[in-house]
Amino acid sequence: MRKVAISLVFLLAAVSTTMFAQSKDLVITGSVASVKISGIGSVVRIDPKTEWAGHRYERSETWFEIDLRLTYCNRGDVSVIVPSRRVFPNQMTKLLFLDLPSSSGSPARTVVGKLFPGSDRNFGEKFIDILKGSTPPFQIIDPDKCFESFDRLLIDSGFTVDVRSREKNKPDVEFARPEHPYFKLQYGFSMKDPLPVAEAKTRWSKFGRLVTSADGDFFFETDVIINKLPD
């Protein structure tokens, strides 16, 4: 069996937006549920010469785990088949941070998702096998219906860490503060061989329309999301 190579789409501005056009019938909105601070670090002595001075936690690498609530709505007349963001590895996702709530404005910062520890690195080959299934393993959304998905992203920038000191020998309290008030989420990838997608579309047509670009690539973008935790 011929091995099909899959390459990550980096969603560069120079690439034609027509090529990656998301179905106009599919509307993706979202909200931030939580932002947690994680990363790599260790507990060290405040004074290397004695333990009595207490300890503190020093992080050598800081990550931000963002929990999102995404809603996919079908505004069209036929059912659509949509792979949610969770289908794809984290590094196939981008957050486009915005300073203004404009869907057409240039992002102030673009951050690519980090690979979660223990993530599957053979996603491409397995995705080809998924497309060969007799039934779609993705979400089927009927006309005028919506589907809610909970998602978690891992990034290394776009937020700063605010620290509130506590008593000696107790860890400081940390808070993630957004550096930009809005963002859009993008995810997708490009298949060099469009045949598996074309065959899947035909095989799954009785369930609905598999949402891809005209070239058989996968590209999804949310509406503008307010970068704020719920009150």
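The structure under discussion appears in the preceding block.
Residues numbered from 1 in each chain as written. Predicted model: local features only at pLDDT ≥ 70, side-chain atom pairs only at ≥ 80, totals over all residues. Heavy atoms only, no water.

## Some details on the overall build of the protein chain
Inclusion rule: Each helix corresponds to a stretch of at least 4 residues labelled H or I by DSSP, and each strand to a stretch of at least 2 residues labelled E; elements are numbered beginning at the N terminus. Each residue is assigned to one of three classes by its accessible area relative to the maximum for its type, calculated with a 1.4 Å probe on protein chains only: buried under 20%, partly exposed between the two thresholds, exposed over 50%. The contact rule is simple, with two residues in contact once any of their heavy atoms fall within 4.5 Å. Accessible surface is estimated by sampling points in the Shrake-Rupley manner with a 1.4 Å probe; for residues, cover comes only from the protein chains shown.
The helix and strand tally for the protein chain stands at 2 helices and 14 strands. Buried positions account for 39% of the 231 residues belonging to the protein chain. In the protein chain, 76% of the contacts between residues at least 6 apart in sequence involve partners at least 24 apart. As displayed, the protein chain has an accessible area near 13,000 Å², and 52% of this comes from carbon and sulfur atoms.

## Focus on helix H1 (residues 123–131)
Going by this rule: Arc definition: directions from the helix axis to the C-beta atoms.
Among the residues of H1, Phe123, Gly124, Phe127, Ile128 and Leu131 are the ones counted as buried. Seen from one end, H1 has its buried residues packed into an arc of 140°, which puts them on one side.

## Regarding the nonpolar core
Note on soluble globular proteins: their nonpolar side chains tend to be buried together. Where we set the bar: Residues belong to one nonpolar core when they are buried, are Ala, Val, Leu, Ile, Met, Phe, Trp, Tyr or Cys, and are joined through side-chain atoms within 4.5 Å.
Ranked by size, the top nonpolar core spans 42 residues in total, and within it Tyr72 and Phe218 carry the most contacts. Apart from the residues within four sequence positions on either side, Phe218 is in contact with Pro83, Phe88, Phe127, Tyr187, Gly188, Phe189, Met191, Val197, Leu210, Val211 and Thr212.

## Examining the side chain of Ser190
Our working rule: Two N or O atoms count as a polar contact when they lie within 3.5 Å, although within protein this holds only if one can serve as hydrogen donor and the other as acceptor, and sequence-adjacent residues are included solely when both atoms are side-chain atoms.
Along the chain, Ser190 falls in strand S11 (residues 182–191). According to the relative accessible area criterion, Ser190 is buried, its value standing at 17%. Within the structure, the side chain of Ser190 is placed 2.9 Å from the side chain of Asp217, a separation counted as a polar contact.

## So, the packing of aromatic side chains
Our working rule: Two aromatic rings from Phe, Tyr or Trp, using only the six-membered ring of Trp, form a pair when their centres are within 6.5 Å; if the ring planes differ by under 30 degrees the pair is stacked, by over 60 it is edge-to-face, and anything between is tilted.
The final tally for this structure, using the stated rule, is 17 aromatic pairs. With centroids separated by 6.4 Å and ring planes inclined at 55°, the aromatic side chains of Phe88 and Phe218 adopt a geometry described as tilted. Here the residue Phe88 occupies a position in the loop between strand S4 (80–82) and strand S5 (93–98), and Phe218 occupies one in strand S13 (residues 218–221), the gap between them amounting to 130 residues. Ring plane angle 85° and centroid distance 6.1 Å describe the contact between Phe97 and Phe159, whose orientation is recorded as edge-to-face. Taken as a pair, Phe97 in strand S5 and Phe159 in strand S9 (residues 159–164) lie far apart in primary sequence, 62 residues in all.

## Notes on the pattern of salt bridges
The condition that has to hold: For this analysis, a salt bridge means a side-chain nitrogen from Lys or Arg found within 4 Å of a carboxyl oxygen belonging to Asp or Glu.
Scanning the model with the defined rule gives 9 salt bridges in all. A salt bridge links Asp151 to Arg85; the nearest nitrogen and oxygen atoms lie 2.7 Å apart. Of this pair, Asp151 sits in strand S8 (residues 146–155) while Arg85 sits in the loop between S4 and S5; the two residues are 66 residues apart in sequence, bridging distant segments of the chain. For Arg177, the salt bridge is made with Asp162, and the minimal N-O distance between the two is 2.9 Å. Here Arg177 is found in strand S10 (residues 173–178), whereas its partner Asp162 is found in strand S9, with 15 residues between them in sequence. Using a relative accessible area of 42% as the deciding quantity, one classes Arg177 as partly exposed. Classification of Asp162 by relative accessible area gives partly exposed; the value is 30%. Through salt bridges with shared partners, a single network forms among Glu65, Asp67 and Arg152.

## Concerning the state of the cysteines
Defined simply, a disulfide is a covalent bond joining two cysteines at their sulfur atoms. Operational definition: Cysteine sulfurs are considered disulfide-paired once they come within 2.5 Å of each other.
Within this structure, the stated rule accounts for 1 disulfide. Each sulfur of the disulfide joining Cys73 and Cys146 lies 2.0 Å from the other. Residues Cys73 and Cys146 are joined by a disulfide whose S-S torsion is about 105°; by sign, that bridge is right-handed. With a gap of 73 residues between them, Cys73 in strand S3 (residues 50–74) and Cys146 in strand S8 connect regions that are remote in the sequence. Overall, the relative accessible area of 44% leaves Cys146 in the partly exposed class.

## Details of the side chain of Lys184
Its place among the elements puts Lys184 in strand S11. Accessibility expressed as a relative area gives 6% for Lys184, which makes it buried. Reaching out from Lys184, the side chain makes a polar contact with the backbone oxygen of Ser103 at a distance of 2.7 Å. Here Glu221 takes part through its side chain, which lies 3.4 Å from a polar atom of the side chain of Lys184.

Any functional reading would require information that these geometric values do not contain.
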